[in-house]
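# Summary of the model geometry
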Amino acid sequence: MTTTVRITWDAASARRARRQFLTRPAATGTPVAEVVGAMLGAHAQVLSAAELSVGMRTDAATRADVRAALWDDRSLIKTYGPRGTVHLLPARELPLFSAALTAVPTGPSPFPPDVRLTEEQARQVVTAIGDALDGRYLTLDELSDEVVARTGPWAGDRVMPAFQDLWPRWRQVMHRAGWAGALCFGPNRGRKATYTRPPRGDVGAGAGAGNGAGAGEALAAFVHRYLYAYGPATPQHFARWLAAPPGWATALFGELAAEGRIEEIDFEGMPAWVAAGDTDFQDGPSGPNGAEGAEGPDGPARGVRLLPYFDAYVIAGQPRERLFPGKAYQRALGGGQAGNYPVLLVDGVVAGVWHQRRSGRRTTVTVEPLVRLTAQQRRELDEQVERVGEVLEATPELVVGEVTVGPHA
């Protein structure tokens with residue numbers, strides 16, 4: 001008779017924290033791309049938030065180190081990642097992300113029929129983007145002109161509602177161009193973003209095809225990476241992280257289970273999955289990310305941490321009601337969506353929100369705890385605020401009190 005492995009929330013959250021450098025920050029000299037890889041990408045719609053996500057997982061890296069990895073040595077790439085949102089991804093892992101993300105089925109278009117692109121038009125636009133950006137850095141307006149010239153006037157029709165404006169039709173599939181390895185961000189030109197094509201060696205032959213055996217293997221590897229970082233998880237958790245159809249994710253997990261690639265366990269009384277054989281929740285330095293030893297048989301991830309907007313740990317961490325217990329569920333979630341507020345973690349769960357306001361070389365960090373902090377936790381909070389200042393290359397000041405700004409402030 002098979003014995004089902006039973007995993008508690010505390011054990012799961014402690015392992016997730018260890019594997020993402022939240023229990024012990026990455027040591028000096030660890031490439032920032034390695035830290036980003038452990039997170040499965042850093043959300044970078046606001047670059048300063050990505051810099052904090054990465055920097056707070058290291059003992060010395062600053063925003064300058066993240067920018068050097070992004071623009072100088074190109075070990076990081078800024079492009080469209082999970083959920084079609086802007087992420088920092090390790091350049092060496094771009095082939096995996098490209099092949100896996102292009103294999104995820106897209107849901108129905110949110111736009112009316114007269115606004116949508118046909119699938120053939122979408123393919124034309126992605127090809128045109130890649131051709132236009134090959135060896136060049138273009139602003140959005142310049143890229144738009146190139147896409148229209150290479151496809152047709154229909155691509156430039158300003159019919160796509162966005163931010164109280166109308167965007168050209170072709171921009172509906174800009175994220176798909178990123179997934180396919182046809183587009184990534186370049187350095188800003190003044191205040192304007194630029195775009196380029198990743199070096200062909202970063203993406204690799206066939207990446208982005210999204211079908212065939214290559215896509216299947218990429219999806220299997222992608223699920224393995226996700227479960228390693230964020231497991232135990234259900235297909236619904238995986239689908240939510242990717243903004244993918246839940247039925248497709250359920251079928252995918254079923255196929256991988258049948259092949260013996262993933263393993264079912266009992267996670268707080270519900271069936272969930274881990275990568276096959278990855279059932280040791282007391283893993284230590286032998287893990288691929290050099291994580292430290294266990295907190296105890298079922299102990300939580302001890303300590304205080306400050307995480308910025310849309311940090312990977314809170315976006316992917318499930319079940320959400322366990323990660324955001326009690327008052328945190330109402331205070332730190334925006335309409336049930338994680339990431340709208342920077343959060344205070346205490347022993348692995350959200351226990352407050354915070355906000356930082358910069359003025360010149362100084363930054364004021366206001367922290368609103370939702371629990372009473374012990375003297376030790378208050379000392380750790382002081383250290384975290386100091387670290388925020390180091391990452392942002394600013395002199396920090398801590399204010400403990402109500403955060404009066406809303407989400408995304």
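These lines cover the structure that appears in this document, whether it is placed above or below. Each residue is numbered by its place in its chain's sequence as written, counting from 1. Local features are withheld for residues below a pLDDT of 70 in this predicted model, meaning they are given only at 70 or higher, and side-chain atom pairs are given and counted only at 80 or more; totals for whole chains, interfaces and linings count all residues. Only hydrogens and water are removed before side-chain values are computed, so all heavy atoms of the structure are retained for them.

## Focus: the layout of surface pockets
In this structure, the largest pocket spans a volume of roughly 1200 Å³. If you go around the largest pocket, you meet 37 residues; those closest to its centre are P110, F111, Q172, V173 and H175. Among the elements of the structure, α6 (119–133) and α8 (174–179) are those that each provide at least two residues to the lining of the largest pocket. Secondary structure elements are defined from DSSP: runs of H or I of at least 4 residues count as helices, runs of E of at least 2 residues count as strands, and each element is numbered from the N terminus. The element best represented in the lining of the largest pocket is α8, accounting for four residues. Just so you know the grouping, Ala, Val, Leu, Ile, Met, Phe, Trp, Tyr, Cys and Pro go in nonpolar, Asp, Glu, Lys and Arg go in charged, and all remaining residues, Gly too, go in polar. Within the lining of the largest pocket, the residues separate by chemical class into 23 nonpolar, nine polar and five charged. Here the term cavity refers to a set of points on a 1 Å grid, laid over the protein atoms alone, in which a 1.4 Å probe fits but cannot get out; the term pocket refers to an open set having protein on both sides within 12 Å along at least five of seven lines, with lining residues being those that place an atom within 4 Å of a point. Grid points are joined across faces, edges and corners, and a volume is the space filled by probe spheres set on the points.

## Re the packing of helix α3 (residues 47–55) against helix α4 (residues 63–72)
Between the N-to-C directions of two axes lies an angle of 0 to 180 degrees, each axis being a line fitted to C-alpha atoms and, for a helix, fitted only over the stretch in contact. The geometry of α3 relative to α4 is characterised by a closest axis approach of 9 Å and an angle of 105° between their N-to-C directions. In this view, α3 runs roughly perpendicular relative to α4, as classed from their interaxial angle. The residues of α4 that touch α3, namely those facing L47, E51 and V54, are R63, V66, R67 and L70. When the residues that make up the contact of α3 with α4 are grouped by side-chain class, the tally is four nonpolar, no polar and three charged. Oblique is the label for any angle not covered by the other classes, which are roughly parallel (under 35 degrees), roughly antiparallel (over 145) and roughly perpendicular (65 to 115). In this analysis, two residues are considered to be in contact whenever any of their non-hydrogen atoms come within 4.5 Å of each other.

## Some remarks on the nonpolar core
Here, nonpolar core refers to any group of buried Ala, Val, Leu, Ile, Met, Phe, Trp, Tyr and Cys residues whose side-chain atoms link them within 4.5 Å. Exposed residues in this analysis have more than 50% of their type's maximum accessible area, buried residues have under 20%, and partly exposed residues fall in between, with area computed by a 1.4 Å probe over protein chains only. The biggest cluster of nonpolar side chains holds 111 residues, and the ones touching the most others in it are F238 and F324. Looking at this core, the element that brings in the most residues is helix α10 (residues 212–230), giving 10 residues. Not counting residues within four places of it along the chain, the set of residues in contact with F324 comprises V314, Y329, A332, L333, A338, V343 and V350. Residues L52, M56, A351 and L373 belong to the second largest nonpolar core, which totals 16 residues.

## Examining the side chain of T194
Structurally, T194 can be placed in strand β9 (residues 192–196). For T194, a relative accessible area of 2% gives the class buried. For this analysis, a polar contact is any N or O atom pair within 3.5 Å, provided that within protein one partner can donate a hydrogen and the other can accept it, and provided that sequence-adjacent residues contribute only side-chain to side-chain pairs. A polar side-chain atom of T194 sits 2.6 Å from the main-chain carbonyl oxygen of P187. Once residues lying within four places of it in the same chain are set aside, the contact partners of T194 are Y137, L138, T139, C184, F185, G186, P187, N188 and R189.

## Let's talk about the pairing of strand β8 (residues 184–189)
In this structure, β8 lies alongside β9, joined through four bridges in antiparallel fashion. Bridge pairing in β9 links F185 to Y195. Where β8 folds back on β9, the antiparallel hairpin that results is connected by two residues, among which G190 adopts a positive phi of roughly 65°. For two strands to be treated as a pair, DSSP must find at least two bridges joining them.

## Observations regarding the pairing of strand β16 (residues 395–400)
Bridge count between strand β15 (residues 362–369) and β16: six bridges; the pairing is parallel. Each bridged residue has a counterpart across the sheet, and for T366 the counterpart in β16 is V399. Each parallel crossover has a hand, and for β15 linked through helix α16 (residues 375–392) to β16 it is right-handed. By convention a crossover is right-handed if, when the strands point away from the viewer, the path from the first strand over the helix to the second runs clockwise.

## Considering empty space enclosed by the protein
Taken as a whole and assessed by the stated rule, the structure comprises three cavities of 30 Å³ or more. Looking at the largest cavity, its volume works out to about 80 Å³. Of the residues assigned to the lining of the largest cavity, the class counts are five nonpolar, three polar and two charged.

## Overview of the pattern of salt bridges
Salt bridges are defined by distance alone: a side-chain nitrogen of Lys or Arg within 4 Å of a carboxyl oxygen of Asp or Glu. Here the structure, examined in full by the defined rule, presents 22 salt bridges. Residue R123 pairs with E120 through a salt bridge whose shortest N-O separation is 3.2 Å. Of this pair, R123 and E120 both sit in helix α6, three residues apart, roughly one helical turn. The class of E120 is partly exposed, set by a relative accessible area of 40%. Here R322 and E268 are joined by a salt bridge, their closest N and O atoms 3.6 Å apart. In this pair, R322 sits in helix α14 (residues 320–323) while E268 sits in the loop between β10 (262–267) and β11 (270–275), placing the two residues 54 residues apart along the sequence. Judged by relative accessible area, which is 34%, R322 ranks as partly exposed. Overall, the relative accessible area of 41% leaves E268 in the partly exposed class.

## Remarks on the sheet that holds strand β13 (residues 343–346)
Taking strand neighbours across the sheet as the criterion, the five strands line up as β12-β13-β14-β15-β16 in an open arrangement whose pairing is mixed. Strands at the two margins of the open sheet, each flanked by one partner only, are β12 (304–307) and β16. Neighbour-to-neighbour, the strand axes of the sheet open up by a mean angle of 30°, direction not taken into account.

## Details of the sheet that holds strand β4 (residues 86–90)
Adjacent strands of a sheet form backbone hydrogen bonds with each other and so pair up, either parallel or antiparallel. Within the open sheet, the three strands sit side by side as β2-β4-β3. Their pairing is antiparallel. Looking at strand neighbours, the two that pair on one side only are β2 (42–43) and β3 (76–80), the edges of this open sheet. In this sheet, β4 lies alongside β3 in antiparallel orientation, the contact comprising five bridges. Residue pairing across strands places L76 opposite P90, the latter belonging to β4.

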